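# Summary of structural features
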Amino acid sequence: MSAQTVNVAAAGRRFEIEFAWVGPADAPGPVIVFLHEGLGSVSAWKDFPALMCESLGRRGLVYSRPGYGRSTPRASDEHWGVDYMHAQALELLPAVLDALDVRTPYVLFGHSDGGSITLIHAAHFSARMAGAVVLAPHIFVEAFGLASIRDAREAYLGGTDLRPRLAKHHADVDSAFWGWNDIWLAPAFVHWNIEALLPRIQCPVLAMQGLDDPYGTLAQIEGIARVVPGTRLLTMAACGHSAHRDQPERVVDATREFIDHITSQPQETTT
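All of these numbers come straight from a predicted model, not from anything done at the bench.

### Focus on the packing of aromatic side chains
- Across all of its chains, the model carries 15 aromatic pairs by this definition.
- Centroid distance Phe-34 to Trp-45: 5.6 Å. Interplanar angle 75°. Geometry classified as edge-to-face. Pair noted here: Phe-34 is in strand E3 (residues 32–35) and Trp-45 is in the loop between E3 and helix H1 (48–56), with a separation of 11 residues, a long-range link. Of the two residues examined, Phe-34 and Trp-45, each falls in the buried class.
- Ring centres of Tyr-68 and Trp-80 lie 5.8 Å apart, and the angle between their planes is 45°; on these two criteria the pair is classed as tilted. Of this pair, Tyr-68 sits in the loop between strand E4 (60–63) and helix H2 (84–99) while Trp-80 is found in the loop between E4 and H2, placing the two residues 12 residues apart along the sequence. Each member of the pair Tyr-68 and Trp-80 is classed as buried.
- A connected cluster of aromatic rings, assembled from ring pairs, spans Tyr-68, Trp-80, Tyr-84, Trp-184, Phe-189 and Trp-192.

This is how it looks when you write it as structure tokens:
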């Protein structure tokens, strides 16, 4: 992917946002917007967005949130609040879409934190969306997942290859790691929960979860299906937190079937 940057204003601040377009430039809508995980970025996706969009014959947009990749880094004294994913979903994401002239309806494809951001956005902006695809999303905090986040902290501090691996994808690797790790392990974050927002989602949803995910259980996607009518679920055995790496073919096939279905239905387009 060939990345560029765009200047975006959101939440009273200006950010340089790293982004890349993938897939055929003349592809029919909807555009697929990829939202990365808590330690992700444009380059951390590797070639998955391009391969998926080429396979589906769709246009895709990939971007790095502030604090990640080559986007504006988090200041060393800046600590994200418990509502940081809400701010990304409701302020930064709409600003990025406007700046890059992404027309509605669009599909959001979110992984992990990006999946949670997708759901929060859909709860407020379903009318703008053709659908939401979420991969290992979080709708509440599980002690099971926090233990893995503590393990990641130890690995980052303990001289393993985690920091060098992440540094390949982030201009300021400490900005990326500590922004994510500090807030997830903050005492107040144990109460983070978006279940009350889910009944407001009116667009179609596909939710996928690996059964060997160290950061979350099936309770996450089952919680979505209980309150969002028509949610499609895909569970994958022998699959961890990043199903798009562990089982990319299944993720692509499920996404293709989902998008083919929703685009065959009448859609109300907003501008």
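What follows continues from the structure just given.
### Observations regarding the side chain of Glu-37
- When you line up the elements, Glu-37 lands in the loop between E3 and H1.
- Look past the residues within four positions of Glu-37 in its chain and what remains in contact with it is Arg-65, His-111, Ser-112, Asp-113, Gly-114, His-241, Ser-242 and Arg-245.

### Regarding empty space enclosed by the protein
- All chains considered together, the criterion is met by two cavities of 30 Å³ or more.
- Estimated volume of the largest cavity: approximately 40 Å³.
- In terms of lining, the largest cavity is formed by His-36, Glu-37, Gly-40, Ser-41, Ala-44, Trp-45, His-111, His-244 and Arg-245.
- When the residues that make up the lining of the largest cavity are grouped by side-chain class, the tally is two nonpolar, five polar and two charged.
- In this model, the second largest cavity occupies a volume close to 30 Å³.
- For the second largest cavity, the full set of lining residues is Arg-65, Pro-66, Tyr-68, Trp-80, Tyr-84 and Gln-88.
- Split by residue class, the lining of the second largest cavity holds four nonpolar, one polar and one charged.

Basis of the calculations
- Residues numbered from 1 in each chain as written.
- Predicted model: local features only at pLDDT ≥ 70, side-chain atom pairs only at ≥ 80, totals over all residues.
- Heavy atoms only, no water.
- Phe/Tyr/Trp six-rings, centres within 6.5 Å; stacked < 30°, edge-to-face > 60°.
- Helix = DSSP H or I, 4+ residues; strand = E, 2+ residues; numbered from the N terminus.
- Buried < 20%, exposed > 50% of the residue type's maximum accessible area, 1.4 Å probe, protein only.
- Contact = heavy atoms within 4.5 Å.
- 1 Å grid on protein atoms, 1.4 Å probe; cavity = no way out; pocket = protein on both sides within 12 Å on 5 of 7 lines; lining within 4 Å.
- Points joined across faces, edges and corners; volume = space filled by probe spheres on them.
- Nonpolar A, V, L, I, M, F, W, Y, C, P; charged D, E, K, R; others polar.

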